[in-house]
Amino acid sequence: MNRTKISIAAVTVLALAGVGLGAVNAYAEEVEYIDNGTFDSSTAPWWATENAPVSVVDGKLCSQVPAGTTNPWDASLGHGDIPLVDGAPYTLSFTASASTTATVKANVQLNEAPYTTVLSRDVALTATPQTFTYDFTGSLDSTNGVFTFQLGGAAEAFTFCLDDVSLTSDDAGQPGDPEQVENGGFDEGTSGWFTYGTTTAGVENGQLCADVPGGLANPWDAGIGQNGVPLVQGAEYTFSFRASADPAATVRAAVQLGEEPWTAALSETVAITATSTVYTYTFTSPVSSENGQVVLQVGGNAEAYRLCLDDVSLRGGEEEPPYVPDTGPRVRVNQVGYLPQGPKNATVVTAATEALPWQLKNAAGAVVAEGQTTPRGVDAASGQNVHTVDFTAFATAGAGYTLTADGETSHPFDISGDLYSQLRSDALQVFYIQRSGIAIDGNLVGEQYARPAGHLGVAPNKGDTDVPCQAGVCDHRLDVRGGWYDAGDHGKYVVNGGIATYQLLNAFERSKTAVTAKHGADLADSTLRVPERGNGVPDILDEARWELEFLLRMQIPAGKPLAGMAHHKIHDQNWTGLPLQPEDDPQQRELHAPTTPATLNLAAVAAQGARLFAPYDAAFAARSLAAAKTAYAAAKANPARYQDPNDNNGGGTYGDNDATDEFYWAAAELYLTTGDEAYWQEVTASPHHTADVFASSGFGWGSTAALARLDLATVPSGITSAERQRLRASVTAAADRYLATIRAEAYGLPMKGDAGNYFWGANSNLINNAVVLATAFDLTGDVTYRDAAVQSMDYIFGRNALNQSYVTGWGEKSSQNQHSRIFGHQLDESLPNPPAGTIAGGANASLDDPYAKQLLSGCKPMFCYVDHIDSYATNELAINWNSALAWIASFLADQGGGQAPAPGRCTVKYTNYGTWAEGGGFTAQVNITNTGSTPINGWTVRFAFTGDQKLREAWMARATQSGATLTARNESYNGRIDPGGQAMFGFNATTAGGANPAPGLVTVNGAACTG
């Protein structure tokens, strides 16, 4: 078991043993890998693409970079023949400038497929030459490396000039010696490392720096280390690291067992000075173990000091055997199950090219259905030869079914109409457990998830109640408590919180217009395990409000520079290690610069929230709408303030250099809430309004135009019938494309099988494609779309190359070790795994973290995933991924057994006679016509208002209102409506203003009437 909490018993044994193996400091020779880095006479051996010719100008290499290229790599220059050594420390430096402000990429990478990068940095250039220096650690072995500048992608041409290029390494190991330490250069933050006993610890300028208190009695009272290091008895090792201490301090460097009997392989006392120095030791391991430990014991000094550590390496032992995932049976199914009347498909991995027999068996082993597979050839995403099985015709509910083909039997699954009702609750429950600034109640969610409130200023927290800005950003401080922790870290990000809040609000708003949503009955008050249950507000709105309140706090107050804008994010000043509970986080929190996309996220979600909260809390709705209007105006005044791509210390960047989609989204939400023609003009002026906003790879936090389109197509408004039909047709057209993709993909998912569609968090984008399919069903009633949305989730729940359900607690083999500082069971057995209903990011062909890169190099796209806490690029959790899951889970739960909705036998005409002359209200009438062939004996009409409308009185019906939903029941004298006959009722209602359109869905006795 990999653990990051070092045992005090372990270090005590080591200290008492006093083991010394006679190692001495050694300093490897520094090697320069760049030829002609000063360009004294020529450009050789540097190369450039034809469209970026180079020459020597005043002792510098200069390249003429063209305008209009699409990608950074479309114009490049570089230097080949760079030897790459896994685990070796490197230093890259150069001086560069550009004739116009430009950002280029500096990469050290393989010079052959798959062109894996060892270092990749965005370099912001101006006309003034600047010197850039980067320290990094090699992550692969190759003699065919290359150093490149990728210069393309700029809108205008510029001249790039370069000088004084150096790439050096004091290589402590050789390519043949396997590296046993992960992330020894801290290029990936503190991933894989633990700290204890220090006051602060985080990555700064590529080093892990920690403040160590003075007066600790023993070396082992504080430490920095890594667990899960394999040791082989009798093997020789070289342990090295670079360190500095200010003031000078003495530490103990140790390699040992990480469990009883804590046998020491190396223990050296090291005097560290303020000068950064490389220390190297050799030893022979006396033990074999998969659970070794590398640790610097840093206590025992009289004075407090600051220790900085880099380039940690342990070379020797054996190469780890190639990773082979356990994919289980070759028959891949949705391990959760199938709806009785819904689609039922499976995939068989086989060498056979001809059709094979299959059998469906019940829990008793009896064959209940059988047929022949359909050969599909080699699936591009998995590289497997596969067949598909369609057993949709079998509709008998039951538990423990299995599917057998080609001598293999699938994991068991159920066929049930209640399959997904608990998933809706579980997926939404994750948000409560991710809350910041509130104690998590174990009585609601289980004692294993109980914890104190985090980031409220209780030591060691610095707190979120009085947060300063990052240096140079502003001179104010804000109370930004609350909200949800974004992902595996303790950061809170407006652009990620925006889409996550939107999807929770939208899941509720869907219940006002979707036939199968039962007017929100399953999302009502007391349906979730949240502390606000019982307050008369739907629980899903209570949960969304926790984040919305935080988003409002991120707005710059009046009287300050850039008032009305929203800070992009708030997080720790430096990266912290795993695991770390929120209440134990010692880092200073900082507000980061406001951006236009963040401000528009706030505008959009606050406007959306205003109309949905209006029936429950008019004051909060008014505050939200005012903030939304202010934010939109501030964004219009500052239309191109974007996130610094290099602002990634202590938290993610979430950079987005195109705000046109956010402008479209925010204008749409403001229009739908207010009905204001000025906002509609903003909507129609957007280039996105007539564009195809539904990409094949789905939508996400950086591509929000789809959110506007979905709401404009579904939320009742004053737009013309023709325009509404055009918008709805764009949704169904996208759904048709996703249908075609599902049919073309052997694993039946709505995402194409090339590597470009398997990226960081792609599981959520895939689900968002299912959201489009589900919305097409809500709009049209065509069950083809509904079945496609249902089938899309087969991939998420195990019908994939890995036979892996990506949702914790759902499926026979589900993800358990998502990357998280809170749910660190894999590193500390006293902590829980993520709660049931937590979705992992999923297969990521880019392998953007060192753990995945080392383990999965060369993987086919669908295999580029590992259920390990260190693989944040494939296995992180995130609120915007869980919001997609929560939305589709709510839709799935609404489908019951998969039967088609009962057709309505009625038409309805809703007439609004306008506002009263004295203002403050309106009069409306509802006429119902029986279009069936039999009488309607007794009727109940339901529909929902869009905002703050409140029923005052009604006539010719007994009417009541709950939240936004009005329910009208017939009087004794008008309960019968004969075929072709009509009934009507009228009502008066009050409203404070804003949009007041006709309802989007009217039901009679539960069935939808056409308008």
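Refer to the structure printed above.
Quick look at the structure, then. (Residues numbered from 1 in each chain as written. Predicted model: local features only at pLDDT ≥ 70, side-chain atom pairs only at ≥ 80, totals over all residues. Heavy atoms only, no water.)

## Observations regarding unusual backbone geometry
Phase 1: Cis geometry is found at the peptide bond from Ala44 to Pro45, where omega equals 0 degrees.
Phase 2: Within the secondary structure, Pro45 sits in the loop between strand S1 (31-32) and strand S2 (47-48).
Phase 3: That bond from Leu578 to Pro579 is cis: its omega, -15 degrees, falls within 30 degrees of zero.
Phase 4: Here Pro579 lies in the loop between strand S36 (569-572) and strand S37 (589-591).
Phase 5: Despite not being glycine, Tyr654 has its phi angle at roughly 55 degrees, a positive value.
Phase 6: Structurally, Tyr654 is set in the loop between helix H7 (618-637) and helix H8 (660-674).
Phase 7: Positive phi outside glycine occurs at Asn1005, with the angle close to 55 degrees. (Helix = DSSP H or I, 4+ residues; strand = E, 2+ residues; numbered from the N terminus.)

## Description of the pattern of salt bridges
When the charged atoms of two side chains lie near each other, side chains of opposite charge can form a pair.
Phase 1: Inspection of the entire model under this criterion finds 34 salt bridges.
Phase 2: Note that Asp122 is salt-bridged to Lys105, the shortest N-O span being 2.8 Å. Here Lys105 lies in strand S7 (residues 102-110) and Asp122 lies in strand S8 (residues 117-125), a separation of 17 residues in the sequence.
Phase 3: Between Asp311 and Arg242 there is a salt bridge whose closest N-O contact spans 3.2 Å. Here the residue Asp311 occupies a position in strand S21 (residues 305-316), and Arg242 occupies one in strand S16 (residues 236-246), the gap between them amounting to 69 residues.
Phase 4: Here the salt bridges do not stand alone but share partners, grouping Arg424, Arg510, Lys518, Asp522, Asp778 and Asp894 into one network. (Salt bridge = Lys/Arg side-chain N within 4 Å of Asp/Glu carboxyl O.)

## Focus on the sheet that holds S36
Phase 1: Ordered in space as S34-S36-S37, the three strands form an open sheet in which the pairing is antiparallel. A single partner strand is all that each edge strand has here, and the edge strands are strand S34 (492-493) and S37.
Phase 2: Here S36 runs beside S37; their pairing, made up of three bridges, is antiparallel. Among the inter-strand pairings, Ile570 is bridged to a residue of S37, identified as Leu591. (Pairing = 2+ DSSP bridges.)

## Some details on helix H13 (residues 783-796)
Phase 1: Here H13 is 14 residues long and its end C-alpha atoms lie 21 Å apart, about the 20 Å a rise of 1.5 Å per residue gives.
Phase 2: When you tally the buried positions in H13, you get 11 out of 14 residues, the bulk of the element.
Phase 3: Restricting attention to buried positions, one finds in H13 the residues Tyr785, Arg786, Ala788, Ala789, Val790, Gln791, Ser792, Met793, Asp794, Tyr795 and Ile796.
Phase 4: Packed against the buried residues of H13 are strand S23 (337-338), strand S24 (345-349), helix H11 (721-744), helix H12 (762-780) and helix H16 (879-894).
Phase 5: Near the N-terminus of H13, the side chain that reaches the backbone nitrogen of Thr784, with its oxygen 2.9 Å away, is that of Asp782.
Phase 6: Two residues or fewer past H13, Gly798 is found with a positive phi of approximately 125 degrees. (Expected span 1.5 Å × (residues − 1). Buried < 20%, exposed > 50% of the residue type's maximum accessible area, 1.4 Å probe, protein only. Contact = heavy atoms within 4.5 Å. Polar contact = N/O pair within 3.5 Å; in protein donor to acceptor, adjacent residues only side chain to side chain.)

## Here's the deal with the sheet that holds strand S44 (residues 958-962)
Phase 1: What the five strands build is an open sheet, ordered S44-S45-S42-S48-S49; its pairing is antiparallel. The open sheet has two free edges, formed respectively by S44 and strand S49 (1007-1008), since each of these has just one partner strand.
Phase 2: Across two bridges, the pairing between strand S48 (residues 1003-1004) and S49 is antiparallel. Residue Thr1003 lies in a different strand from S49, and its bridge partner there is Ala1008.

## Details of the environment of Asn535
Phase 1: Within the secondary structure, Asn535 is located in the loop between helix H4 (494-510) and helix H5 (539-553).
Phase 2: In the structure, Asn535 is positioned 397 residues away from Gly138 in sequence and 56 Å away in space, judged by C-alpha atoms.
Phase 3: If we skip the residues at most four places from it in the chain, Asn535 touches Asp525 and Asp542.
Phase 4: Separated by 3.0 Å, the side chain of Asn535 and the backbone nitrogen of Val537 make a polar contact.

## Examining the packing of H4 against helix H6 (residues 596-613)
Phase 1: For the pair H4 and H6, the least separation of the axes is 9 Å and the interaxial angle reads 20 degrees. On the basis of their axis angle, the class for H4 and H6 is roughly parallel. Crossing angle aside, the handedness with which H4 passes H6 is left-handed. Every residue of H6 that contacts H4 at Val494, Val495, Gly498, Ile499, Thr501, Tyr502, Leu505, Asn506, Phe508 and Glu509 is listed here: Pro597, Ala598, Asn601, Val605, Gln608, Gly609, Arg611, Leu612 and Phe613.
Phase 2: Its residues assigned to classes, the contact of H4 with H6 shows 11 nonpolar, six polar and two charged. (Axes fitted to C-alpha atoms, helices over the stretch in contact; angles between N-to-C directions. Parallel < 35°, antiparallel > 145°, perpendicular 65-115°, else oblique. Left-handed = near helix turned anticlockwise from the far one by under 90°. Nonpolar A, V, L, I, M, F, W, Y, C, P; charged D, E, K, R; others polar.)

## A look at the state of the cysteines
Phase 1: Under the criterion given, the structure shown has five disulfides.
Phase 2: Here Cys209 pairs with Cys308 through a disulfide, and the sulfurs are 2.1 Å apart. Handedness here is read from the sign of the S-S torsion; for Cys209 and Cys308, about 115 degrees, the answer is right-handed. Taken as a pair, Cys209 in strand S14 (residues 207-212) and Cys308 in strand S21 lie far apart in primary sequence, 99 residues in all.
Phase 3: With relative accessibility at 3%, the residue Cys209 sits in the buried group.
Phase 4: With its disulfide-bonded cysteines labelled consecutively along the sequence, the protein chain is connected as 1-2, 3-4, 5-6, 7-8, 9-10. (Disulfide = S-S within 2.5 Å.)

## Quick look at the pairing of S21
Phase 1: Summarising burial for S21: 11 of the 12 residues are buried, a large majority.
Phase 2: Inspection of the sheet shows S14 paired to S21 by five bridges, in the antiparallel sense. Paired with Leu208 across the two strands is Leu309, which belongs to S21.
Phase 3: Judged from the nine bridges that link them, S16 and S21 form a sheet pairing that is antiparallel. When the bridges of S21 are listed, Asp246 appears paired with Arg306.

## Describing the pairing of strand S40 (residues 921-930)
Phase 1: In terms of burial, S40 is largely enclosed, as 10 of its 10 residues are buried.
Phase 2: Both strand S39 (residues 906-915) and S40 contribute to a ladder of eight bridges, which runs antiparallel. Note on S40: the bridge partner recorded for Val908 is Ile928.
Phase 3: In this structure, the hairpin formed by S39 and S40 is closed by a connection of five residues, where Gly919 is found at a positive phi of approximately 80 degrees.
Phase 4: As paired elements, S40 and strand S47 (residues 982-990) share nine bridges and run antiparallel to each other.

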